[in-house]
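Commentary on secondary and tertiary structure
What follows is each chain in one-letter form.
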Amino acid sequence: MALEKTQWLSVIVPVWREGATLVPVLRALAELRASGHEVIVVDGGSDDGSAETAAPWCDRVLVAGKGRAHQMNAGAAVARGEVLLFLHADTRLPATALADLSRFYHSDHGWGRFDVRLSGRRKLFRVIAWCMNRRSWLTGIATGDQAMFVRRNLFEQLGGFTDMPLMEDIELSRRLRNVTRPFCIARPVMTNSRRWEQQGAWRTIWLMWTLRWRYWRGESPDVLAKVYRSDVRNHSS
């Protein structure tokens with residue numbers, strides 16, 4: 001069946017062990033669904049009932065192998081929309097998201113991202129978000145926290161996300177940037193600051209910048225993923 005003109009957006013949410021926090025995230029997407037757009041949740045094999053929790057709050061639940069890149073590709077493969085939006089499970093779209101994305105849809109841009117804001121109230125979190133947004137604007141590189149969106153035909157033309165354990169968002173946005181600069185939406189998504197709060201803001205900043213630097217220098221994402229997981233495991237609260 002052909003899509004109605006209003007049904008041009010597919011929101012793909014990769015999850016893993018998000019059962020306790022998933023309902024508010026998906027409930028916030030109810031307006032998009034009421035407008036005819038679809039929400040697809042792709043579970044990476046959670047053992048906490050994430051898939052069952054998500055089912056009443058989305059249009060489709062898939063269970064795929066663990067790995068965000070693999071999960072997002074799986075969701076994209078079954079999505080019906082002309083625009084694919086990849087939304088992390090700890091990130092919420094602004095109330096104006098549909099209107100903002102409609103401007104993108106009617107533009108000649110191939111992909112884009114939102115500015116980001118962190119949920120914590122510390123002034124440092126505002127500085128971190130400003131730096132993330134400024135860096136993205138200057139480089140044309142986006143991260144998954146910024147709710148990347150891309151036209152389906154371009155996503156398929158580029159082969160989707162490379163199946164890698166870390167930096168899949170940066171790797172894809174580099175390829176997308178070679179086609180066109182991103183469509184930047186200034187109204188921010190709200191990303192949970194728990195990672196910075198649990199691991200320490202400065203430690204997390206140092207870790208992420210170090211990993212990106214090493215990736216830029218050509219180190220394997222598999223090696224960097226082990227470094228990331230080791231740091232998180234050793235400094236978890």
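Residues numbered from 1 in each chain as written. Predicted model: local features only at pLDDT ≥ 70, side-chain atom pairs only at ≥ 80, totals over all residues. Heavy atoms only, no water.

Okay, the overall build of the protein next. When helices and strands are counted, the protein shows 11 helices and 8 strands. Relative to its 237 residues, the protein shows a buried fraction of 50%. Partitioning the contacts of the protein with sequence separation of at least 6, the portion at a separation of at least 24 is 74%. (Helix = DSSP H or I, 4+ residues; strand = E, 2+ residues; numbered from the N terminus. Buried < 20%, exposed > 50% of the residue type's maximum accessible area, 1.4 Å probe, protein only. Contact = heavy atoms within 4.5 Å.)

Glancing now at the packing of aromatic side chains. In this description, an aromatic ring pair is defined by two values, namely the gap between the centres and the angle between the planes. Overall, the coordinates contain 7 aromatic pairs when judged by the stated rule. Taking the centre distance of 5.4 Å and the plane angle of 35 degrees together, the rings of Phe86 and Phe155 count as tilted. A residue pair is termed long-range when its members are at least 10 positions apart, and Phe86 in strand β4 (residues 83-86) and Phe155 in helix α7 (residues 152-157) qualify at 69 residues. Taking the relative accessible area as the measure of exposure, Phe86 reaches 4% and is therefore buried. On the basis of relative accessibility, which here comes to 5%, the residue Phe155 falls in the buried class. Here Phe155 and Phe161 contribute two aromatic rings whose centre-to-centre distance is 5.7 Å and whose plane-to-plane angle is 65 degrees, an arrangement assigned as edge-to-face. A connected cluster of aromatic rings, assembled from ring pairs, spans Phe104, Phe114, Phe149 and Phe183. (Phe/Tyr/Trp six-rings, centres within 6.5 Å; stacked < 30°, edge-to-face > 60°.)

Another point: helix α6 (residues 123-139). Residue pairs three or four apart in sequence face the same way in an α-helix, which turns once every 3.6 residues. The terminal C-alpha atoms of α6 lie 25 Å apart, and with 17 residues this matches the ideal 24 Å at 1.5 Å per residue to within 8%. Among all positions in α6, only Leu124, Phe125, Ile128, Ala129, Met132, Asn133, Arg135 and Ser136 are buried. Gly140 sits one or two positions beyond α6 and adopts a positive phi of about 75 degrees. (Expected span 1.5 Å × (residues − 1).)

This brings us to the pattern of salt bridges. By the definition in use, this model includes 8 salt bridges. The shortest N-O distance in the salt bridge between Asp115 and Arg113 comes to 2.4 Å. Like Asp115, the residue Arg113 is buried in the burial classification. The network of salt bridges with common partners includes Asp100, Arg103 and Arg187. (Salt bridge = Lys/Arg side-chain N within 4 Å of Asp/Glu carboxyl O.)

Across the 7 residues of strand β1 (residues 9-15), 7 count as buried, placing the element largely inside the fold. Taking every second residue as pointing to the same face, both faces of β1 are buried, with Leu9, Val11, Val13 and Val15 on one and Ser10, Ile12 and Pro14 on the other. Both β1 and β4 contribute to a ladder of 4 bridges, which runs parallel. In the sheet register, Val11 faces β4, and the bridge partner there is Leu85. Examined bridge by bridge, β1 and strand β2 (residues 38-43) share 6 bridges and lie parallel to one another. What sits directly across from Val11, in β2, is Val39. (Pairing = 2+ DSSP bridges.)

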